[in-house]
Amino acid sequence: MIPSREIFFNIVPAGVIAAYVLMIIPIGLLAYGLARRVRRWRLGQAENRFDQMGHRIWNMVRMSVLHGRIVRTRNLYGGIMHAAIFTGFVTLLIGTLIVMVETDFTVPLLGFSFFHGNFYLGFKLAMNVGGLLLILGTSMALYRRLVLRPATQQTSGDDLLLPATLLILAVQGFVQQALRLAMTQDPWAAWSFVSYPVALALQGLPMDVLARLHQLNWTVHLVTALVFIGYIAYSKMIHPFTALANVLMRRIRPRGELNPIPNMETAENFGASKLEHFSWAQLMSVDACMHCGRCLEYCPTFNTGKALRPRDLVLEIAGLQADRGGIFSGVLGEEANTGRFRWGRGGERELIGGAVSTEEIWDCTTCGACMEQCPVFIEHVPLIVEMRRNLVMEQNSFPQELAPIFTSLERLGNPYQNVPAERADWTRKLEQPVRQMSEVVAAGETVDYLFFVGCLGSFVARNQKVTLALTRILQNAGISFAILGKEESCNGDPARRMGHEFLAQQLAMKMVDKMNAYNVKKVVTGCAHCFNAIKNEYPQLGGNYEVIHHTQLIDELIAAGRLTLNEASDITQEKVTYHDPCYLGRYNGVVEEPRRALKTIPIVNLTEMPRNRKHSFCCGGGGGKAMMKDQSATRINQTRAREALATGASVVAASCPFCMGMLEDGIAAVDEKSGVRVLDIAEIVASSLQAPAVTAQRETV
Amino acid sequence: MRYGLILLAAGVAVLLMSEAGEWAALRMLAVVLLVGGAIAAGIAGGAHPQSAAYIKRVGAIFSRNAMCAVAILLTAPALAVLAASLYGALVRLTSSNAAGDAPLLILGGVVALILLALASTVVVLGTGAIRGKTPQQPTEKQA
Ligand code: SF4
Ligand code: SF4
C-alpha cells in the first residue's frame, strides 16, 4: 500500500465550493488594503530606489528571509521567536499550496499525482514541525508581551491578536489532523508525531461524532484562516509585504549621508510639513514598522525619558497616513488598544504639531542607534531632519538658542562667534610650524594630507590641546600635511542636522570649492562629524577625497612603526575606557582602529563600557544638541558618564571634540571629585611619544 | 471594478461547472479567475474615493461583543476536541485493555492538555484585546 491520503476527506462538495468562493472576500480585502497604502505612498516625492536590483534582492533575502538582520546577538530572544513564527508559517503555507497544486492542477490537468509515498510522509513530518514552530514562536511572543514585558515594548491589541490567531490556526490544524487520523486509522499516522497521540486518545469516540467534529473543525479552521487573511492589511501583519518591500527598496547609501534638498533655488517647499513632502520610499517605510521596539534599546532620548521615542514617531506618521488613506490604523495608545481595527485619531491632523510634536523633532541627537537596530531598515533620522528642515527653513521655528548659532555660522563660518582670522592661532603654540595650503600651493608644492581641524579644535581651548597633540603626532611620524588656516570654515554638519540645509550647503560648498582649488586628495580630520560630512556628504557637491579619521591614521602609523611609544608615560599606566562617537563607530564602522591604537600603547589597561562599538550610547551632543539646552531631569551625557564611571576607569578616551565636551560636563555633574579625565586618543598617544625618530623625511603612509 | 466583478462571476460559474460536471480540470481555472477577480476588485475598490467611508461604515456594524462571540465560536470546536481527547485518554488509560498504548495515550493526554491550555489562554487574551484590554507596560521604564 502506498502512503497517501484523500484530499478534502469527509468534506462535502458544497463545502469545497464554499471554501473557494469565500476565499475571494479576504483576498479582495487584502488587495484593497494594499492598494490604498500604495496610493498613499505614490503621493510622496520621487526618489530612485530601483538601482542595483541584484544587490537589493540578495540583500533582502539575506537580511529578511534568512533573518540576518533579525536574529542578532543582542536580540536573540526576539530573533529566535520571529524565526520560529516565520519558518512555521511559511512551511504551513507551502503545505497548503502543495495540496492545492495536487488537487487542482497536476491531477486534473496533467493526470499526475505526487502526493504519495515518501513525499507524502515527508510532507506530514514537515507540517507537524511547521505547526510546532508556529506554536513555539507565537507562545514566545505572547510570553514576552505578557510576562517579560521589556521596557521597550508597549502592547496594543494588534500585538496580541496576531500571535493569538496564528496560534489558534496551528492548534486547529493539529486538531483537524488528529480527527482524521482517528477516523481513518491511518497506518502512517506516526509521521504526524504531534497529532498521532491525540488521535489515539480520540479513538474511543463514536465514528459519527468524529466525522461531525471533523467537518465542524474544518469549517471553523477555514473561516479563521479567511478572517486572518482579511485582517492582514489592517494590522501590523502587513509587514511581510511592507517590510520586505522596504528592505528591497532601502537607501543604498552610507547611513551617515543625508539626502540634500535638490535644486534649492527653485524648490517650492523645504523639508516636510505634510506627508506628501516625504519621498514615496519614506512613506512606505513607516508602514513597515511592526512595533518591535528594538529602535528604543539604545536610543538616548527614550533611555532618558524624553518625548522622542523613535518607534512612536514612526507609528505616529504611519497612523496619520493610515487615517488619510482610510485604512484603519492608529498610533500606540488608547485607540490602537481597542484591538478591533486600529482606528486612528483623524486624518485632518497636521503632520508637525498634530501627529508629531515639535519636542520630539528637536529631541533627537541624530545618533543613529534606532536605524542601526531597526530590523526592517526604517530610517528615523532622515524623517526627523526633513521635519526640522521645514521648521527652520519655512516656519522659522526652532529652539531660540539656535538663532545666534545660525547667525554665527552664516557670518563667521563657525558656531561660536569666533573671528575667522583667529582660526589658526593655535599653531602659535607649536615649536615646529604648520604649513597652510595657500602657502604650499603658492610654492608650487603638494602635501599628502589636508588636516581639517574643525571649529572646536581651532577655537575652543580644551580642544586646541587635542589639535596640538595630533599635530605633534603627525610631525613626529613625518607626515606631510597642511591646514586651511583662516580659509577653513565649519563643514556644515551641525547646520544640516539642525535642519538649516541652505546654510549647510553654503558652508560645505565653500569648503569643497577651496579643497578642489587646492587639489586636495587626502583629508585627515580631528572630529567625527567633520569626518562623516567630508567623507559621505561632500561627494554630493563634487568633493571626492580620501578621508581618514585621526584615530585611523594613528593606528596606521603605529602599525607601520612610525610612532615609537614610551612605556613610562603616566597616562598609559591607567585604566582607560573608550567612548565610541556615533558618527565614527555607528555611522562609519570605525570601531577597532581606535581600540587598536590604545591597546598598542604599552601597559594600557583598556576596559569596555557595556554599550560599545555600534551599540554605543550617544554622548548627547550630535545633531546640534551640543548647542541646545537639555532641560530634562535626566541628561544624556550624565547617563553616559555614569556608565563610564562604573567601569572604574580613570581615563575616558574620546575621539570627537563634541563627545569630549559632553563627557567632561557629564562627569563633572555626576561626580566632580572622581578625578576621571576625558582625553582624546591623540592626547594619550602624544603623551607616550618618544622623541621623533625621523621628522625631516617625508614619507607617505 | 467591472473587470474584477466579471472575473469573479466567471470564476464562480466555472467552479460550479467543475463540481457539477465532475470536470475537476476546470477547478484550477476557477481558482485563477476567483483570485484574479478578487485582486482586481480590491485594487479598483482602493481607487474609489468613497470606498474608505463605506468600509468604515461596514466595520462599525461589528460591535466588540459580536466580534468576541465570533472569536469564541471559531475556537470552541478545537477546544472541545482537545477536551474530549484528554477525557478519552483518561478513560482508556483507566480501562483494562490500554496496557500496550499507555505511553502514547499519556503522551496524547499531555499534548492535548498543552494545546488546550495554550488555546484557552489565547482565547481569553484575544477576546480581552478585542474588548480593548491589553496589558499596559507599567511605566515603559527606561532600559
Ligand atoms: S537618532 Fe538617536 S536620539 Fe534620534 S531617535 Fe534615533 S536613537 Fe533616538
Ligand atoms: S521602527 Fe523598526 S525597530 Fe522601531 S519598532 Fe518599528 S520596526 Fe521595530
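As the structure is a computational prediction, the values presented were derived from the model and not from experiment.

What counts and how
- Each chain carries its own residue numbering, running from 1 in the direction its sequence is written.
- For naming, the first written chain is A and the first written ligand is 1, with later ones following in the order written.
- Residue-level local features of this predicted model are given only where pLDDT is at least 70; pairs of side-chain atoms are given and counted only at 80 or more, and the full residue set underlies all totals for whole chains, interfaces and linings.
- With hydrogens and water stripped out, all remaining heavy atoms of the structure feed into the side-chain values.
- By the criteria applied, helices consist of DSSP H or I runs no shorter than four residues and strands consist of E runs no shorter than two, each listed in order from the N terminus.
- Radius of gyration means the value over C-alpha atoms here, while the globule rule gives 2.2 Å times the residue count to the 0.38 power.
- The pairing criterion for strands is at least two bridges between them, as found by DSSP.
- Orientation is described by axes fitted as lines to C-alpha atoms, over the contacting stretch for helices, and by angles from 0 to 180 degrees between their N-to-C directions.
- The contact criterion used throughout is that any non-hydrogen atoms of two residues lie within 4.5 Å.
- Proximity criterion: a residue is near a molecule or strand once any of its heavy atoms comes within 4 Å of it.
- All amino acids are sorted into three groups, where Ala, Val, Leu, Ile, Met, Phe, Trp, Tyr, Cys and Pro are nonpolar, Asp, Glu, Lys and Arg are charged, and the leftover types, Gly among them, are polar.
- Left-handed is the label given to a crossing in which the near helix is rotated counterclockwise from the far helix by less than a right angle, and right-handed is the label when the rotation is clockwise.
- pLDDT: the predictor's confidence for each residue, scored from 0 to 100.
- The source of the domain bounds is an automatic or database domain assignment.
- Buried area: the accessible area, evaluated with a 1.4 Å probe, that two parts lose upon being put together, summed over both parts.
- The salt bridge definition used is simple: a Lys or Arg side-chain nitrogen within 4 Å of an Asp or Glu carboxyl oxygen.
- Polar contact criterion, stated in full: a pair of N or O atoms within 3.5 Å, where within protein one must be able to donate a hydrogen and the other to accept it, and residues adjacent in sequence count only if both atoms are side-chain atoms.
- Only buried Ala, Val, Leu, Ile, Met, Phe, Trp, Tyr and Cys residues count toward a nonpolar core, and they belong to the same one when joined by side-chain atoms within 4.5 Å.
- Each residue gets one of three labels from its accessible area relative to the maximum for its type: buried under 20%, exposed over 50%, partly exposed in between, using a 1.4 Å probe on protein chains only.
- The labels follow the angle: roughly parallel below 35 degrees, roughly antiparallel above 145, roughly perpendicular from 65 to 115, and oblique for the rest.
- The arc in question is formed by the directions pointing from the helix axis toward the C-beta atoms.

J.: How would you summarise the overall build of chain B if you had to cite specific residues and measurements?
T.: Of the regular secondary structure elements, chain B holds five helices and zero strands. Shown N-terminal to C-terminal, the secondary structure of chain B runs as helices and strands in the order α-α-α-α-α. For chain B, the C-alpha radius of gyration of 24 Å lies well beyond 15 Å, the compact-globule estimate for 143 residues. Dimensions of chain B, computed from C-alpha atoms along their principal axes, come out at roughly 65 × 60 × 30 Å.

J.: How would you summarise the sheet that holds strand β6 (residues 605-607) of chain A if you had to cite specific residues and measurements?
T.: All names here are of chain A. Pairing in this open sheet of four strands is parallel, and the strands run β6-β5-β7-β8 from one edge to the other. If you trace the sheet from one side to the other, it starts and ends with β6 and β8 (677-680), each paired once. Across this sheet, the average inter-strand angle for adjacent strands is 35°, counted without regard to direction. Sitting on the sheet, helix α23 (residues 592-599) is in contact with β5 (575-578), β6 and β7 (651-654), with an inclination near 170° to β5. On the sheet, helix α25 (residues 657-670) packs against β7 and β8 and is oriented at approximately 170° with respect to β8.

J.: Would you mind going over the environment of A:R635 in detail, with residue names and values included?
T.: All names here are of chain A. The residue R635 is located in the loop between β6 and α24 (636-646) in this model. Put simply, R635 and P187 are 448 residues apart on the chain and 68 Å apart in space, counted from C-alpha to C-alpha. Residues contacting R635, with those up to four places away along its chain left out, are T304, K306 and D630.

J.: Which residues make up the site of ligand 2, and what values go with them?
T.: Inspection of the region around ligand 2 gives 13 residues, with A:C289, A:C292, A:G293, A:C295 and A:C374 positioned closest. Across the shell around ligand 2, the residue classes break down as eight nonpolar, three polar and two charged.

J.: With reference to specific residues and values, describe the packing of helix α18 (residues 461-476) of chain A against helix α22 (residues 550-559) of chain A.
T.: All names here are of chain A. Interaxial distance between α18 and α22 falls to 11 Å at its minimum, and their mutual angle equals 30°. As for how α18 packs across α22, the hand of that crossing is left-handed. Two secondary-structure elements touch here, α18 through L470, I473 and L474 and α22 through H550, L553, I554 and L557. Grouping the constituent residues of the contact of α18 with α22 by class yields six nonpolar, one polar and no charged.

J.: Tell me about the sheet that holds strand β3 (residues 522-525) of chain A, residues and numbers included.
T.: All names here are of chain A. An order of β2-β1-β3-β4 is seen for the four strands of this open sheet, with the pairing classed as parallel. Two strands lie at the open edges of the sheet, namely β2 (481-482) and β4 (546-549), each paired on one side alone. Relative to β2, strand β1 (residues 449-452) is paired through two bridges, and the arrangement is parallel. Opposite Y449, over in β2, you have F481 as the bridge partner. Across the sheet, helix α21 (residues 528-537) lies against β1, β3 and β4, angled at about 165° from β4, the strand it touches most.

J.: Quick one: what's the story with the site of ligand 1, residue by residue and with numbers?
T.: The immediate surroundings of ligand 1 are formed by 13 residues, with A:C299, A:C364, A:C367, A:G368 and A:C370 found nearest. A per-class count over the shell around ligand 1 returns nine nonpolar, four polar and no charged.

J.: Any details on the confidence of the model for chain A? Residues and values, ideally.
T.: Keep in mind that low pLDDT regions are not for reading the predicted coordinates in detail. Residue and element names in this part refer to chain A. In the predicted model, chain A carries a mean pLDDT of 92, and 95% of its residues have values of at least 70. Contacts of residues 329-343 to residues separated by more than four positions or lying in other chains number 64 contacts, the stretch itself having pLDDT below 50. Residue range residues 693-701 is modelled with pLDDT below 50. Its contacts to residues more than four positions away, or to other chains, number 25 contacts.

J.: Tell me about the domain arrangement of chain A, residues and numbers included.
T.: Residues and elements named next belong to chain A. Domains assigned within chain A are domain 1 (13-239), domain 2 (248-394), domain 3 (403-558) and domain 4 (564-700). Taken over C-alpha atoms, the centre of domain 3 sits 21 Å from the centre of domain 4. Between domain 3 and domain 4, the contact holds 39 residues from the first and 41 residues from the second. Around 3,300 Å² of area is buried between domain 3 and domain 4 when both sides are counted, 63% of it from carbon and sulfur atoms. Considering only the side of domain 3, the residues that lose the most area to domain 4 are R462, N476 and H529, jointly responsible for 17% of the buried surface there. At the boundary of domain 3 and domain 4, one finds three salt bridges. Here R596 ties to D555 by a salt bridge, and the two come within 2.7 Å at their closest N and O atoms. Counting across the domain 3 and domain 4 interface gives 10 residue pairs in polar contact (both at pLDDT 80 or more). Those elements giving two or more residues to the side of domain 3 that touches domain 4 turn out to be α18, α19 (493-497), α21 and α22. Element by element, the count of residues in the side of domain 3 that touches domain 4 is highest for α18, at 10 residues. Residues belonging to the side of domain 3 that touches domain 4 are distributed by class as follows: 16 nonpolar, 14 polar and nine charged.

J.: Describe the interface of chain A and chain B, naming the residues involved and giving the relevant values.
T.: When the parts come together, some accessible area is lost, and that loss is often what is quoted as the size of the interface. With 76 residues of chain A in contact, the opposing surface of chain B contributes 69 residues. Roughly 6,000 Å² is buried in total at the junction of chain A and chain B, and carbon and sulfur atoms are behind 74% of that figure. Counting across the interface, chain A meets chain B through one salt bridge. A salt bridge links B:R27 to A:D104; the shortest N-O distance between them is 2.8 Å. Across the chain A-chain B interface, the total number found is 10 residue pairs in polar contact (both at pLDDT 80 or more).

J.: I'd love a proper account of the nonpolar core, names of residues and values included.
T.: A general trend in soluble globular proteins is that nonpolar side chains are found buried together. Membership of the largest hydrophobic core comes to 157 residues, with the highest contact counts inside it found for A:I317, A:L351, A:M387 and A:M515. At eight residues, helix α14 (residues 380-394) of chain A tops the list of elements feeding residues into this core. Beyond its immediate sequence surroundings of up to four residues, A:I317 is in contact with A:L275, A:F278, A:V286, A:L351, A:V356, A:L383 and A:M387. Core analysis: the second largest hydrophobic core is formed by 61 residues, A:L30, A:M140, B:L79 and B:V123 among them.

J.: Any chance you could break down the packing of helix α3 (residues 53-65) of chain A against helix α9 (residues 239-248) of chain A for me, citing the residues and the numbers?
T.: Residues and elements named next belong to chain A. Relative orientation of the contacting elements α3 and α9 amounts to 130°, with a least axis distance of 8 Å. Between α3 and α9, the interaxial angle falls into the category oblique. Crossing of α3 against α9: the hand is right-handed. Facing R56, I57, N59, M60, M63, S64 and V65 of α3, the residues of α9 in contact are L244, V247 and L248. Split by residue class, the contact of α3 with α9 holds seven nonpolar, two polar and one charged.

J.: Tell me about the environment of A:L598, and name the residues and values.
T.: All names here are of chain A. As for its placement among the helices and strands, L598 is situated in helix α23. In this structure the C-alpha to C-alpha distance between L598 and R49, which are 549 residues apart in sequence, comes to 41 Å. Contacts of L598, omitting those with residues within four sequence positions, involve V576, Y578, V604, L606, A653, I681 and I684.

J.: Can you explain helix α15 (residues 402-412) of chain A? Please cite residues and give values.
T.: An α-helical turn contains 3.6 residues, so any two residues separated by three or four positions project in the same direction. Residue and element names in this part refer to chain A. Along α15, the residues classified as buried are L402, I405, F406, S408 and L409. For α15, the angular spread of buried residues about the axis comes to 165°, placing them on one side. In α15, the exposed positions angled more than 90 degrees off the buried face are occupied by E410 and R411. In this structure, the buried residues of α15 make contact with α12 (358-363), α14, α19 and α20 (501-517). Remark: G413 follows α15 within two positions and exhibits a positive phi of approximately 75°.

J.: Give a description of the pattern of salt bridges that names residues and reports values.
T.: Where charged atoms from two side chains of opposite charge approach closely, those side chains can pair. All names here are of chain A. Under the defined criterion, the tally for this structure stands at 36 salt bridges over all chains. Between E386 and R389 there is a salt bridge; the shortest N-O distance is 3.4 Å. In this pair, E386 and R389 are both assigned in helix α14, three residues apart and thus about one turn of the helix distant. Across the pair, exposure class does not vary: E386 and R389 are buried alike. Residue R462 is joined to E664 by a salt bridge in which the shortest nitrogen-to-oxygen separation is 2.9 Å. One end of the pair, R462, is in helix α18; the other, E664, is in helix α25, with 202 residues separating them in the sequence. Classification of E664 by relative accessible area gives partly exposed; the value is 27%.

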